[in-house]
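Close look at the chain arrangement
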Amino acid sequence: MKAKKALLVVDVQNDFCPGGALGIPEADKIIPVVNRYLKFFSKKESFVFATRDWHPLRSKHFKDFGGVWPVHCVQNTPGAAFHPKLKLPKGAIYLYKGLDPKKDSYSSFQAEDERGMSLEKLLDFFKVKEIYIAGLATDYCVKFTAHDALKHGFKVNILMDAIKGVNLKPNDSEDAIKRMVKEGVKKVTIKKLEG
Ligand code: VGL
Ligand code: ZN
């Protein structure tokens, strides 16, 4: 049987887009490209996973409680909703992360579906061996997700034209990409993929 692939769309939520509580400049510009990847992978009968940062109102992740971030992506608020332009297909599998008020939980490998099933369990169940990562933010969730995926033995690709970073320090995203590549991640673009 051919090894299965999955597209992982990370945290394309209102609060991470311009105008949101933790708005990343031009984050919304990746959305048409993410949609092209969604179309591409749907045709290939790959799996689609979509995560949402999904924090309780009181969390150590937030400045008010000792963290570094403004309050963002609070469970069931409009800021935590997917960006309205994101076109997730029927059959997409939804995951939530950042649920634990005592942890940052940047990695999608700390995410779970509504039944509490982890990403790793789901990928194993569907026999996925290779993942493609798009979304926000390059220097946090994307970086930690790629790291954990490699650690768990998956082949990992980052979609260079469909990620965007927070850049608390100006070079954070660049450094994150260098580190991911060093660890064994492959850089992919929609042109390369559609070939
Ligand atoms: C993230 C900052 C704060 C992320 C989450 O998922 O990349 N970044 N919370
Ligand atoms: Zn967060």
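Provided above is the structure to which this section pertains.
Residues numbered from 1 in each chain as written. Chains lettered and ligands numbered in written order. Predicted model: local features only at pLDDT ≥ 70, side-chain atom pairs only at ≥ 80, totals over all residues. Heavy atoms only, no water.

**A short note on the pairing of strand β2 (residues 47-53)**
For clarity, the threshold we go by: Burial classes: relative accessible area under 20% of the type maximum marks a residue as buried, over 50% as exposed, and values in between as partly exposed (1.4 Å probe, protein chains only). We count a stretch as a helix when DSSP gives it H or I for four or more residues in a row; a strand needs E for two or more, and each element gets its number in order from the N terminus. One requirement defines pairing of two strands: DSSP has to find at least two bridges between them.
Of all the 7 residues making up β2, 7 are buried; the element is thus mostly covered by neighbouring parts of the structure. Along β2, one buried face is formed by Phe47, Phe49, Thr51 and Asp53 and the opposite face, lined by Val48, Ala50 and Arg52, is buried too. Note that strand β1 (residues 4-10) and β2 share 5 bridges and pair parallel. Residue pairing across strands places Val10 opposite Thr51, the latter belonging to β2.

**Describing the coordination of the zinc ion (ligand 2)**
For a metal bound by four donors in tetrahedral geometry, the ideal donor-metal-donor angle is 109.5 degrees, whereas six donors in octahedral geometry ideally sit at 90 or 180 degrees. Worth spelling out the cut-off: Here the coordinating atoms are restricted to nitrogen, oxygen and sulfur within 2.8 Å of the metal centre, or 3.2 Å for Na, K and Ca, and because water is not among them the sites may look incomplete.
Of the protein atoms, only Asp53 (OD), His55 (NE2), His61 (NE2) and His72 (NE2) coordinate the zinc ion (ligand 2), at distances of 2.1 to 2.2 Å. All donors of the zinc ion (ligand 2) come from a single chain, and their spacing in sequence reads D-x1-H-x5-H-x10-H. Separated by 17 residues along the polypeptide, His55 in the loop between β2 and β3 (93-97) and His72 in the loop between β2 and β3 bring together distant segments of the chain. Classification of His55 as buried rests on a relative accessible area of 0%.

**Overview of the site of ligand 1**
Selection rule: Only heavy atoms are used to decide nearness, and a residue is near a molecule or strand if one of them lies within 4 Å of it. Counted as a polar contact is a pair of N or O atoms within 3.5 Å, where, for protein atoms, one must be capable of donating a hydrogen and the other of accepting one, and residues adjacent in sequence contribute only when both atoms are in side chains. Residue burial considers only the protein chains on display, and all accessible areas are found by Shrake-Rupley using a 1.4 Å probe.
Every residue close to ligand 1 is listed here: Asp11, Phe16, Leu22, Asp53, His61, Trp69, His72, Lys97, Leu136, Ala137, Tyr140 and Cys141. Between ligand 1 and His61, the relevant distance is 3.0 Å, taken from a nitrogen atom to a side-chain nitrogen or oxygen of the residue. At 2.9 Å from an oxygen atom of ligand 1 is found a main-chain nitrogen or oxygen belonging to Cys141. Protein chains bury 100% of the 250 Å² of accessible surface belonging to ligand 1 in isolation.

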